[in-house]
Amino acid sequence: MSEAAIRPGVHASALLAPLDPLLRAWLPRQRWFAGKGRPVTALEAVSVTELLPRSSPSGLLHLLLRVRQPMVPPQDAGLDGSHPERPTDCYQLLLGVRRTLPPHLAPAMIGHVTEGPLTGHTVYDALHDPRLTGLLLERLRIPGRHGVLRFERDMGVEIPSGLTPRLLTSEQSNSSLVYGDTFILKLFRRVVPGLNPDLELPLRLAAEGCARVPAPTAWFLADLDAGASAPEESCGLGVLQPYLAGAEDGWELALRMRDKGESFTGEARALGRATAEVHAALAAALPTVTLGRAQVETVADAMAERLTAAAQAVPALRPYAPGLLTAFEALADLGGEGQAWTAQRVHGDLHLGQCLRSPDGEWSLIDFEGEPARPLAERRLPQPTARDVAGMLRSFDYAASHGTWSPEWADECRAAYCSGYAEVAGRDPRTDPVLLRAHETDKAVYEVLYEARHRPDWLPVPLAAVRRLAEDGPADDTH
Ligand SMILES: Nc1ncnc2c1ncn2[C@@H]1O[C@H](COP(=O)(O)OP(=O)(O)O)[C@@H](O)[C@H]1O
Ligand SMILES: O=P(O)(O)O[C@H]1O[C@H](CO)[C@@H](O[C@H]2O[C@H](CO)[C@@H](O)[C@H](O)[C@H]2O)[C@H](O)[C@H]1O
């Protein structure tokens, strides 16, 4: 977020200053806080919007907060390797304000305010308060502006009032509220200026008539630069979409079926078809480009740089780096020989957990934000569809590693997924083994870094894959 975007005003600073120590203690404890392990050196208001005045029994404050932290050390460089420093992040917060906090909201407490305009009030995480989250849904029903916030919606879809809200408690990078099992509202936590692909792509897909992705019903953004209204200048904050009641995600389903000894290949094939349908709709809705010699080399170089950065951060990866590099060299060589590939907008972080199977057996894809650690501009670039295919192939490998490692289970699912994809796309992803191997290797390297940072217990899963990929030649390993 540019420094110029800070326009909080005197009132906002007076409001925020007494909250500073409370928020500094509370933020690092939140699941979605990306800067864990580094001290918070300063908090600055980017915007403060009073959605409900605190004169009512409970007030509702919307905050965009810049969090300053020390520079990341080089071994913790960004996943792309080219952004070694991320000095600030901007977070979206919804704060409830009450004189007395009822006992059921005690776990949501952030702290008591003893100075400034909120003296004598208790501030808490508003997402736990159905009164306030209900109000948020009411606000989404009415298009228009509220301070820097801009609310928009599809007027063709009814949003009933009075739906009962509940906060999802599953592990996630953002925060989601379910309203009466009818809608789900995802509130982005770490926000960046520019069109959020998790709003952009589902809107485009809906316009294209693609039913594989829940269509946004309502959404809201912040216009942080005076006079801004173009989506590129806004910051996406939240998306309301239909809730797929009774749906099970692909990860849970795959593990359940594996445990029961049931074949997952039928589902894997259906997932391949669903992925190809979404890719076709994205290609129809948004520009596609041909990656020529120079671009293929750039893609391969970026993969090699990410490998170098990851190997620096995770010593266990180092022995495999030379073998892995051959995957990227093979890609660059083919590019050099004049082999061209088409690139288009893709999901960007596709895995079994991003696929929801409705009780009627239909698969939907969700969460189009892309890999959270990558810069927004990079996440919005056209890429070969092999990127998403590789993500799913890796995911079958993860599921096959759960409990007893079963390479046969992974191979069957991977093959079924590619066949399903080919049925719709007319081209089997295995036809481009060099492209696929490079993307799978790149994904496995990303996973090594992801697991080392977030779930060290899981690190052996991508490390085992990295070992296999490093040993493989450039030939097809997908069968
Ligand atoms: N349209 C939907 N219908 C039902 N459940 C959903 C829907 N969208 C998301 N979910 C549930 O919410 C969880 C979090 O959603 P996701 O978009 O992956 O958030 P995050 O980016 O925070 O990880 C998913 O794992 C899924 O279980
Ligand atoms: O779902 P997110 O957008 O938060 O994605 C991140 O977390 C995922 C784990 O929850 C991670 O996925 C990796 O683990 C999955 C099993 O838990 C596996 O199915 C995926 O294939 C594997 O990549 C994802 O990489 C990360 O970006």
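The residue numbering used here restarts from 1 in each chain and proceeds along that chain's sequence as written. Each chain gets a letter, beginning with A, and each ligand a number, beginning with 1, in the order they are written. Per-residue local features are limited, in this predicted model, to residues with pLDDT of at least 70; the limit for side-chain atom pairs, both in listing and counting, is 80 or more; totals at the level of whole chains, interfaces and linings are taken over all residues. Note that the side-chain values use all heavy atoms of the structure and ignore hydrogens as well as water.

Asker: Lay out unusual backbone geometry with the relevant residues and their values.
Answerer: Even without glycine at this site, Asp181 takes up a positive phi of about 60°. To qualify as a helix, a DSSP run of H or I must reach at least 4 residues; to qualify as a strand, a run of E must reach at least 2; elements of each kind are numbered from the N terminus. One can find Asp181 in the loop between strand S9 (175–179) and strand S10 (183–187). Partly exposed describes any residue whose relative accessible area lies between the buried limit of under 20% and the exposed limit of over 50%, with all areas from a 1.4 Å probe on protein chains only and scaled to the type maximum. Using a relative accessible area of 41% as the deciding quantity, one classes Asp181 as partly exposed. For Asp367, which is not glycine, the phi dihedral falls at a positive 65°. Its location among the elements puts Asp367 in the loop between strand S17 (363–365) and helix H9 (376–379). Residue classification places Asp367 among the partly exposed residues on the basis of a relative accessible area of 23%.

Asker: Account for the sheet that holds S17, with residues named and values stated.
Answerer: Following DSSP output, two strands are said to pair if at least two bridges run between them. As summarised here, the arrangement of the three strands in space is S13-S16-S17, forming an open sheet in which the pairing is antiparallel. On the outer flanks of this sheet lie strand S13 (248–249) and S17, each paired with one strand and no other. Looking at chain direction, S13 and strand S16 (residues 355–357) are connected through two bridges and run antiparallel. When the sheet's bridge partners are listed, Glu248 is paired in S16 with Arg357.

Asker: How would you sum up the site of ligand 2? Please name residues and give values.
Answerer: The rule for a residue being near a molecule or strand is that one of its heavy atoms must lie within 4 Å of it. Taken together, 13 residues surround ligand 2, and among them Asp349, Ser395, Tyr446, Glu447 and Tyr450 come closest. Distance and chemistry together define a polar contact, namely a pair of N or O atoms within 3.5 Å, with one atom able to donate a hydrogen and the other to accept it when in protein, and with adjacent residues in sequence counting only for side-chain atoms on both sides. Gln354 places a polar side-chain atom, nitrogen or oxygen, 3.4 Å from an oxygen atom of ligand 2. Contacts to ligand 2 include Tyr446, whose side-chain N or O atom sits 2.5 Å from an oxygen atom. Note that accessible areas follow from Shrake-Rupley with a 1.4 Å probe, and for residues the cover is restricted to the protein chains shown. Bound to the protein, ligand 2 loses 87% of the 540 Å² it would expose on its own. Elements supplying a minimum of two residues to the shell around ligand 2: helix H10 (386–401) and helix H12 (433–454).

Asker: I'd like to hear about the environment of Thr41, residue by residue, with values.
Answerer: Looking at where Thr41 falls in the secondary structure, it is placed in the loop between helix H2 (20–26) and strand S1 (42–52). Exposure remark for Thr41: the relative accessible area of 46% places this residue in the partly exposed category. Filtering out sequence-adjacent residues up to four positions away, Thr41 remains in contact with Arg24, Arg68, Gln69 and Pro70. The contact rule is simple, with two residues in contact once any of their heavy atoms fall within 4.5 Å.

Asker: Kindly report on the pairing of strand S12 (residues 234–242), identifying the contributing residues and their values.
Answerer: In terms of burial, S12 is largely enclosed, as eight of its nine residues are buried. Taken together, the five bridges between S10 and S12 define a ladder with antiparallel strand orientation. When the bridges of S12 are listed, Leu187 appears paired with Gly238. In this sheet, S12 lies alongside strand S11 (residues 218–223) in antiparallel orientation, the contact comprising six bridges. Within the sheet, the bridge partner assigned to Asp223 lies in S12 and is Ser234.

Asker: Tell me what's going on with the pattern of salt bridges, and back it up with residues and numbers.
Answerer: A side chain of one charge can pair with a side chain of the opposite charge when the charged atoms of the two come close. Put simply, a salt bridge is a Lys or Arg side-chain nitrogen that is within 4 Å of an Asp or Glu carboxyl oxygen. This model, assessed by the stated rule, comprises 39 salt bridges. Glu171 is paired through a salt bridge with Arg31; the nearest N and O atoms lie 2.8 Å apart. Residue Glu171 is found in the loop between strand S8 (165–167) and S9, and its partner Arg31 is found in the loop between H2 and S1; the two are separated by 140 residues along the sequence. For Arg31, a relative accessible area of 38% puts it in the partly exposed group. Between Arg345 and Glu200 there is a salt bridge, with its nearest N and O atoms 3.0 Å apart. Separated by 145 residues along the polypeptide, Arg345 in the loop between strand S15 (341–343) and S16 and Glu200 in helix H4 (residues 197–207) bring together distant segments of the chain. A cluster of three or more residues bridged by salt bridges with shared partners is formed by Arg306, Asp349, Glu371, Arg374, Glu378, Arg387, Asp442 and Lys443.

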